[in-house]
Structures are given as C-alpha cells and as structure tokens.
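Residue-level listing of the chains:
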Amino acid sequence: MKKEQQGSAATRNILIIIAIAFVVIMLVLPLAAVIGNSLKKGFEFYMHAITAKYVISALKVTLLATVVAVGVNTFFGIISSWVITKFSFRGKQLLATLIDIPFSISPVIAGLAFIMTFGRLGWAYPILENISRITGMDIQIVFALPGVLLATIFVTFPFVSREIIPVLNAEGKDEEEAAALMGAKGFYIFRKITFPQMKWALVYGIILCAARALGEFGAVAALSKTRGETFTLPLEIDALYLSGDSDSLVAAFAVSSILVIIAIVVLILRNIMEYRAKLRAAEK
Amino acid sequence: MKFTHSKRVIPGFGLTMGVTIAMLSLLILIPLASVFVYAFRMSGAEFLGTVTNSAVLYAFRTSIICALLAALINCVFGTILAWVLVRYDFPGKRFLDGLIELPFALPTAVAGITLSKMYSTTGILGKPLAGLGIEVSYTHLGLLVALVFIGIPFVVRAIQPVLEKLDPQYEEAAYILGASRRKTFFRIILSELRPALLTGFGLAFARGLGEYGSVIYISGNSAKEHTQVVSYVIMQKLNYMDYASATSIALILLIISFLMLLFVNMVQVRQSKRTNNV
C-alpha cells in the first residue's frame, strides 16, 4: 500500500485538491455566506431580527414539533428495531422498506397526504367533524398545529430506527436468546442487554431526527398557512426572504444563522459519536 | 440453532410487531394511501388531462433530467471524495470528513436561500461567473447546483464503508499481474464499488426528484423558462386548492419514488447476499 501511495503522488495530490475544492465551494462557502449575510446590518439589527414576535412564535412551534417528533420516533425506532433485529419472519425486508418510505418521497407529498386524509376532501374529515360535534371541541388538523406535528413526525419517521438497526444486527441476538432461555423477562433483557448495545446509535438517531425536525420545510409548508401561529422557523425564513425588502432579507439570514449553528453542533456531535464508535471497534 | 426459526425464544414478538405495524400504518401508510384513493377516484381522462398538461410535463422533464445529472455529478465527485478520505492522509482530513454530512444537517430552506444569494449576479460566486457570461441563479444550472449540494452525502456515505473494507489483495494481484494503476481502478475497484455506487446514485436521485426547499429559491420557478420542479408544481396546485391536479402529479412522483426505493433495496439485498456468501 505504501509503495502505491508514493508512486501515484501526482494523482494523489490532484484528487486531494479536487476533493478539498469541492467541499470548500459546495459546503463551506454556503455556511460562511449565511453568517456573513446575517450580520450585514450590524449586530444590533441581528439581535432585533431574531427576537421579533413572529420569530419567537415560530421558534416555539418548531421546538414543540421537534420534541413531539423525537418522542414518537424514538419510541417507534426502539420497538421496530427490536422486531426487525431480534426475530426472523416473512416480509422483514418489506417492513424495513416501508419504514424507509419517508426518506425517498418528496416532503410536499407528505404534506399532501395529510391534506387528503384530514382536509375537507379527505375521508377522515367527516369523522373529525363528528368527533368535534360530539365533544364540542373544534378539532382542526390541516392548517393547524396538529398538521404541523404530523408532517414533522412523517418526514423524520425512519431516522432513529435506521441508526439502531445496523448496530443491533452487528451485535446479533445470541445474548438475548441465552437470557431468554435462562428465564429473563422481555423488558429485563432489553434493559440489560439490548439497550446498552444500542445506546450510542440511539443518541445519534435522536440528534439526526431532531436536526431534521427543526429544519423541515416542504411538508410543513403544505400544512401551515398562518404566520405567527403555525409557522415554524423555516417557514418564517421563507416569509422573510420572499417579502423582498432588504431588511427582511437580512433578517431571513439572521434567523437562518440559528439553524446553521444547530446544524454545526449536530455535525460536531456526529463526529464525536463516530470517533467513539471507531475507538470501541478498535478495542474489540 | 435451527429451533430458533420454528419457535421464537426472545419474548415480545407479538407486542412489538403490533406496535410497529400500527404506528407505521397510522402515521405513514394510511395518509399515503389517501393520496392513492383520491387519485384512483378520478376518471382516466381527467387524470391524463391533468398530468399531460404541458407545464406539468415540463416540470417532470426538468426534475428528472436535473436529478439524474446531479446524481451523476455526485457519483463522480462522491467517488473522488470517498477515495481521498479512505486512501490518503492529509491535514484537515477529519474536518473534510465531518463536513460531508452538512447537507443532511442544514435545513433545506436555509440551503436554498443561501445558494440562491451566493449564485445570484450580485453574490460572491454569481458575480465572477456572471462576468464570464454564466448565470446560475434562476436557471437550470442553479437547480443543478442545489441538487448536487443535497445529494453529495448519499454517494460518499454509500461508497466510503465499501472502500474501507475492500480487500487490497485484488489490487495487489492486478498490479502484480501487470495491470496499470488506471486499469486496476476501472476494472477491479470500480466493479467492486458498483453496488454502492448504484445505491448512492438511487438515493441521491430519489431525493433530488422530490426536493423542494433547497431548489425553489435558486430555480426561479419560471413556467416560461421551464425551471419549475415537480414538487413546486404540486405545492402551487395545493395553494390554488386544485387537489385533483396535485394528487395526480403526486401519484406519478410517488410511483417513481417507490420504483427507486425498490431498486436500491434490490441492489442492497444482492450485495449483502454476495458478501455473506464469500
């Protein structure tokens, strides 16, 4: 291997330069551009922009959606990865594929799906009407907070299970089987054997899920129409950006910079996780 | 160990299976099925009428061609990036590696407005490019830039682990047998990487096809210039409350996405079968 590296020094340097140039132009520059644009009108303007009334409201909606999506998808991730990695059954591949659906479909379709279910034309609309009439509550899903929550859950659905499944598959199920044969109860096995195995993958899955939930745009955009009530941070950024005047434009980047900082934190955490995983693999 | 197949030793199969299927159905499958149900209630003529509308056809053409091109570009740069990250050591390598997943972590709307600003005729990259007579923002080129941005991690992360595990024996054998380095790469390494490349390509293409947030600002969404993408058209129809058109277009996009997902899964199943048999 060594000899090969020396022999192709020119190729090596060219490839490294291409790689670095690509990453700098495609990835580093946009990050710098957000921060640069956000501070164009000074720090005072920046602080003013990120504490505007609409922004605070959007921040609250975003955080709520993120917490709900992370909660639901963590629960689902743990349960579904248990099914998929600890048992053999027919249709396992199909189940895994179905769970991954939200990864490969347009977020706009996710929004549309809930409109066609709970919206005026949806089959569940009359049912909702009936429930509203009986309970005396006004239940709104589409263009209201529940729609935003459902859309966020939808797009982040596979994130946790996707991180856990490969780790559990690599660990195998011998330990769980041994424990079960010795009479341990299901939850006890999970707590003592499976959970410690999946711990870090779970943490990483939760981080990814939260990052995506904070930034979801297309699906929520289809289901949320009231600025200051059901708008999330990305929708608020969109509204500021499209309003056209130069103040709002800078404000859009100021609000974006919050999400950029979160994205950088996620990347750093991801790298720490990966480093830990490598260390543990090296120990074995 | 044969008995584990006939009788399950580990407890909790029924309960966890039930919860998994129930949540999957309620949160994903039933809402998606609503789209299908609504689309199938339309008459054939009505369906065809909405999807063969020229603006819709152009949007499909734009989305498919741009997503394909972007995925191909990402296959080239993704292979180079993965190769450099696995095979070479250089200062800043860890930093480079850590940045690859930025497009996953960065919200699409933020990426969209930033790229659009950067490549506009007054932006840091757009200005020099405009001097050369190349306009990026609000053209197909801009769309392509955004799709390359969001697609790159799929390809790099698909290839990297395979390249790490690749047995150097093959390369050494080829080398000893007198193959040139280039020949070794294209004949031996690339053929080993093919399933991973196909997976990365499929995922990047599927993502690019349905992408919304990162492309709508930079593409300009002009019907005249054919820079509208399919997800933009769906959103437009939704805003006009034209649900029939929105669902029919979505149905076609869904079918393409499912086919891509199926393709990626087949590649992966075949790959794991092959590696496990060795």
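Caption draft 1: Up close: the overall build of chain A. On a plain count of helices and strands, chain A comes out with 15 helices and 0 strands. Each principal axis of the C-alpha distribution contributes one length, and for chain A these read about 65 × 60 × 30 Å. A buried classification covers 53% of the 284 residues belonging to chain A. For chain A, the accessible area works out to roughly 13000 Å², and carbon and sulfur atoms hold 67% of it. Of note, chain A has its 26 positive side-chain charges centred 5 Å away from the centre of its 19 negative side-chain charges.

Caption draft 2: Helix 9 (residues 145-156) of chain A, seen in detail. All names here are of chain A. Counted at 1.5 Å a residue, the expected span for helix 9 with its 12 residues is 16 Å, and the 17 Å between its end C-alpha atoms agrees. Burial of helix 9 is extensive: 10 of the 12 residues sit out of reach of the surface. Those residues of helix 9 lying buried are Gly147, Val148, Leu149, Leu150, Ala151, Thr152, Ile153, Phe154, Val155 and Thr156.

Caption draft 3: Focus on the side chain of Ser116 of chain B. The residue Ser116 of chain B is located in helix 7 (residues 108-118) in this model. Within the structure, Ser116 of chain B has its side chain in polar contact with the side chain of Tyr241 of chain A (distance 3.2 Å). Residues within four places of Ser116 of chain B in sequence aside, it is in contact with Tyr241 of chain A together with Ser137, Tyr138, Tyr217 and Ile218 of chain B.

Caption draft 4: The packing of helix 15 (residues 246-283) of chain A against helix 7 of chain B, seen in detail. Where helix 15 of chain A contacts helix 7 of chain B, the two axes come as close as 10 Å, and the packing angle between them is 130°. In terms of their interaxial angle, helix 15 of chain A and helix 7 of chain B are classed as oblique. Remark: the crossing between helix 15 of chain A and helix 7 of chain B carries left-handed chirality. From helix 15 of chain A, Leu249, Ala252, Phe253, Ser256, Leu259 and Val260 of chain A reach across to helix 7 of chain B, where they touch Val110, Ile113, Thr114 and Lys117 of chain B. Taken together, the residues of the contact of helix 15 of chain A with helix 7 of chain B sort by class into 7 nonpolar, 2 polar and 1 charged.

Caption draft 5: Seen up close, the interface of chain B and chain A. With 89 residues of chain B at the interface, the matching set in chain A holds 94 residues. Of the roughly 8300 Å² buried where chain B meets chain A, counting both sides, 78% is carbon and sulfur surface. At the boundary of chain B with chain A, the tally comes to 1 salt bridge. Here Arg270 of chain A ties to Glu101 of chain B by a salt bridge, and the two come within 2.7 Å at their closest N and O atoms. Summed over the shared surface of chain B and chain A, the number is 12 residue pairs in polar contact (both at pLDDT 80 or more). Among the elements that take part in the side of chain B that touches chain A, helix 2 (residues 13-41) of chain B stands out by supplying 17 residues, more than any other. Residues belonging to the side of chain B that touches chain A are distributed by class as follows: 60 nonpolar, 18 polar and 11 charged.

Caption draft 6: Representation of unusual backbone geometry. All names here are of chain B. Phi at His226 takes a positive value of approximately 60°, unusual for a residue other than glycine. Exposure remark for His226: the relative accessible area of 24% places this residue in the partly exposed category. You will see that Met241, though not glycine, has its phi angle at about 60°, which is positive. By the element assignment, Met241 lies in the loop between helix 13 (230-239) and helix 14 (243-277).

Caption draft 7: Seen up close, the environment of Ala180 of chain A. Secondary-structure assignment places Ala180 of chain A in helix 11 (residues 174-181). Excluding residues within four positions of it along the chain, Ala180 of chain A makes contact with Ile189 of chain A together with Val9, Ile10 and Pro11 of chain B.

Caption draft 8: Expanded view of helix 9 (residues 140-165) of chain B. Residue and element names in this part refer to chain B. The terminal C-alpha atoms of helix 9 lie 38 Å apart, and with 26 residues this matches the ideal 38 Å at 1.5 Å per residue to within 8%. Approximately 40° is the largest bend angle found in helix 9, and it occurs at Gly151, with the proline Pro153 only one to four residues beyond. Counting buried positions along helix 9 yields 20 of 26 residues, so the element is predominantly enclosed. Two or three places before Leu141, at the start of helix 9, stands the capping residue Thr139, its side-chain oxygen 3.2 Å from that residue's backbone nitrogen.

Caption draft 9: Examining the pattern of salt bridges more closely. Considering all chains together, one arrives at 12 salt bridges over all chains under this definition. Glu211 of chain B serves as the salt-bridge partner of Arg207 of chain B, at 2.9 Å between the closest nitrogen and oxygen. Accessibility classification places Arg207 of chain B together with Glu211 of chain B in one group, the buried group. The network of salt bridges with shared partners includes Arg270 and Glu274 of chain A together with Asp97, Glu101 and Arg157 of chain B.

Caption draft 10: Spotlight on the domain arrangement of chain A. All names here are of chain A. Domain parsing of chain A yields domain 1 (1-38) and domain 2 (42-283). The C-alpha centroid of domain 2 is placed 32 Å from the C-alpha centroid of domain 1. Listed per partner, the contact involves 5 residues of domain 1 and 8 residues of domain 2. A combined buried area of about 580 Å² lies between domain 1 and domain 2, and 80% of that area is made up of carbon and sulfur atoms. Among the residues domain 1 hides against domain 2, the three largest losses belong to Val34, Asn37 and Ser38. Together they make up 72% of the total.

Rules and cut-offs
- Residues numbered from 1 in each chain as written.
- Chains lettered and ligands numbered in written order.
- Predicted model: local features only at pLDDT ≥ 70, side-chain atom pairs only at ≥ 80, totals over all residues.
- Heavy atoms only, no water.
- Helix = DSSP H or I, 4+ residues; strand = E, 2+ residues; numbered from the N terminus.
- Buried < 20%, exposed > 50% of the residue type's maximum accessible area, 1.4 Å probe, protein only.
- Areas by Shrake-Rupley, 256 points an atom, 1.4 Å probe, with all protein chains shown as cover.
- Lys, Arg positive; Asp, Glu negative; His and termini not counted.
- Charge placed at Lys NZ, Arg CZ, Asp CG, Glu CD.
- Expected span 1.5 Å × (residues − 1).
- Polar contact = N/O pair within 3.5 Å; in protein donor to acceptor, adjacent residues only side chain to side chain.
- Contact = heavy atoms within 4.5 Å.
- Axes fitted to C-alpha atoms, helices over the stretch in contact; angles between N-to-C directions.
- Parallel < 35°, antiparallel > 145°, perpendicular 65-115°, else oblique.
- Left-handed = near helix turned anticlockwise from the far one by under 90°.
- Nonpolar A, V, L, I, M, F, W, Y, C, P; charged D, E, K, R; others polar.
- Buried area = accessible area lost by both parts, 1.4 Å probe.
- Salt bridge = Lys/Arg side-chain N within 4 Å of Asp/Glu carboxyl O.
- Bend = angle between axes of the 7 residues up to and from the residue.
- Domains from an automatic or database assignment.

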